[in-house]
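What follows is each chain in one-letter form.
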Amino acid sequence: MKIGVIGGGQLGRMLALAGTPLGMDFVFLDPAPDACAGALGEHIRADFSDQAHLRQLAEEVDLVTFEFESVPAETVAFLSQFVPVYPAANALRIARDRWLEKSLFQTLGIPTPAFADVQSQAELDAAVATIGLPAVLKTRTLGYDGKGQKLLRKAREVRDAFAELGSVPCILEAFVPFSGEVSLIAVRGLDGETRFYPLIHNSHDHGVLHLSVASSAHPLQALAEDYVGRVLSELDYVGVLAFEFFEVDGGLKANEIAPRVHNSGHWTIEGAECSQFENHLRAVAGLPLGSTAKLGESAMLNFIGSVPPLAQVIAIQDCHVHHYGKAFKVGRKVGHATLRSANRSTLDRQITAVETLIGTD
Ligand code: AMP
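Basis of the calculations
- Residues numbered from 1 in each chain as written.
- Predicted model: local features only at pLDDT ≥ 70, side-chain atom pairs only at ≥ 80, totals over all residues.
- Heavy atoms only, no water.
- Helix = DSSP H or I, 4+ residues; strand = E, 2+ residues; numbered from the N terminus.
- Contact = heavy atoms within 4.5 Å.
- Buried < 20%, exposed > 50% of the residue type's maximum accessible area, 1.4 Å probe, protein only.
- Axes fitted to C-alpha atoms, helices over the stretch in contact; angles between N-to-C directions.
- Parallel < 35°, antiparallel > 145°, perpendicular 65-115°, else oblique.
- Nonpolar A, V, L, I, M, F, W, Y, C, P; charged D, E, K, R; others polar.
- Domains from an automatic or database assignment.
- Buried area = accessible area lost by both parts, 1.4 Å probe.
- Polar contact = N/O pair within 3.5 Å; in protein donor to acceptor, adjacent residues only side chain to side chain.
- Near = heavy atom within 4 Å.
- Areas by Shrake-Rupley, 256 points an atom, 1.4 Å probe, with all protein chains shown as cover.

Observations regarding the environment of Pro-134
Step number 1: Along the chain, Pro-134 falls in the loop between helix H6 (121-131) and strand E6 (135-139).
Step number 2: When the C-alpha atoms of Pro-134 and Val-71 are compared, they prove to be 32 Å apart, with 63 residues separating the residues in sequence.
Step number 3: If we ignore the near neighbours within four places in the chain, the residues touching Pro-134 are Leu-151, Leu-152, Arg-153, Ala-174 and Phe-175.

Structure follows, in structure tokens:
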């Protein structure tokens, strides 16, 4: 089976690493000449709106999927005329727009921070009057890793905030005094069968994911599965979906969804029976889903900007390194390590050992 992937970054690369043993071949469409997934399949170097090359992709493959969600809606609509596309256009349309996604959560009875659509400074002023401060102003589309957002604490920070984010459509959200951030990764097959990985605790550094730890018997697992299940059914979703929540007052508030494999799920490559990457491919290909069970304790640490000395990292017990083959650049995700252990205290020691090598205090 030949799989077309829109985007050729590390998520595409890890999809290919998971799918190749299943006999799958990959074609990536990405304008970047050095797209790192290109080493693992054919690389069509073209813009996401280049219809001639989209047509070429559709003709070559059995189905198309995505490794990022900021794909123009027209690209999805165009491809869908010629080839099955998963997840479907509607899921992408909603997930790429923070206002549409929060509105969906609200319709489905999933708690969210209070939020308002903001199209001008006057609407921002009105929203602040209703929601109060502190609050977070975010661009509706194209924000990631803390980019395209601004924390508003004082009235004077509100004054020029709309222009500072580029005078584009935004959403204002109440600031959530969360005790933790968790994500739930789910997979839903073509036949509607759904499986969930264990809830994952996430810690960020300057807005970028630093550490993900898979939990064991988390008290909010069932609640998170209920919320995510509502979204999956509503969208008749096919593939892996990641749902990020704030943990607050013993419950969950929805932050956002990603209609794709997710950085917080990279530990599943070595830490779960079947990885998020393989399960995404199984789902979109109409194959039986794999077990989402965890193999002991597991965590993932991102390598940001550079990869620490390989020999020293892999000398740490049960530490598995993934190098994305990307040029090193400040703030860029260039690799990660998965850690596995029989118990939590050993896992914590392994995490500290890797953090020491990557220079994080
Ligand atoms: P996002 O791009 O929406 O995932 O936001 C990036 C990070 O900013 C989150 O992981 C949180 O740490 C923080 N953040 C975003 N929205 C809020 C909010 N409404 N309240 C508090 N912190 C937030």
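Some thoughts on the environment of Ala-155
Step number 1: In this fold, Ala-155 is placed in helix H7 (residues 155-158).
Step number 2: With a relative accessible area of 60%, Ala-155 lands in the exposed category.
Step number 3: Spatially, the C-alpha atoms of Ala-155 and Glu-273 are 50 Å apart, while their sequence positions differ by 118 residues.

Details of the packing of helix H1 (residues 10-19) against helix H11 (residues 276-284)
Step number 1: Remark: H1 packs on H11, axes separated minimally by 8 Å, with the N-to-C direction vectors making an angle of 75 degrees. By the angle between their directions, the pair H1 and H11 is classed as roughly perpendicular. Where H1 abuts H11, its residues Leu-11, Met-14, Leu-15, Ala-18 and Gly-19 lie against Phe-277, Glu-278, His-280 and Leu-281.
Step number 2: Split into classes, the residues belonging to the contact of H1 with H11 amount to 6 nonpolar, 2 polar and 1 charged.

Side note on the domain arrangement of the chain
Step number 1: We note that the domain assignment places domain 1 (2-85), domain 2 (114-174) and domain 3 (180-360) within the chain.
Step number 2: Relative placement of domain 2 and domain 3: their C-alpha centres are 29 Å apart.
Step number 3: Opposite the 4 residues of domain 2 that make contact, domain 3 presents 4 residues.
Step number 4: Carbon and sulfur atoms make up 28% of the surface buried where domain 2 meets domain 3, a total of about 280 Å² over both sides.
Step number 5: Area buried by domain 2 at its contact with domain 3 is led by Lys-138, Asp-145 and Glu-173, which between them contribute 87% of it.
Step number 6: Applying the counting criterion to the domain 2 and domain 3 interface returns 1 residue pair in polar contact (both at pLDDT 80 or more).
Step number 7: Classifying every residue of the side of domain 2 that touches domain 3 by side-chain character gives no nonpolar, 1 polar and 3 charged.

Observations concerning the site of the ligand
Step number 1: The full set close to the ligand counts 14 residues, and Arg-98, Lys-138, Val-176, Glu-181 and Glu-256 are the nearest of them.
Step number 2: A distance of 3.1 Å separates an oxygen atom of the ligand from a polar side-chain atom of Asn-255.
Step number 3: Coverage of the ligand by the protein amounts to 89% of the 470 Å² it exposes when considered alone.
Step number 4: Listing elements by their share of the shell around the ligand, those giving two or more residues are E6, strand E8 (170-174) and strand E14 (251-258).
Step number 5: For the shell around the ligand, a count of residues per class yields 6 nonpolar, 3 polar and 5 charged.
Step number 6: Each of domain 2 (114-174) and domain 3 (180-360) gives at least three residues to the shell around the ligand.

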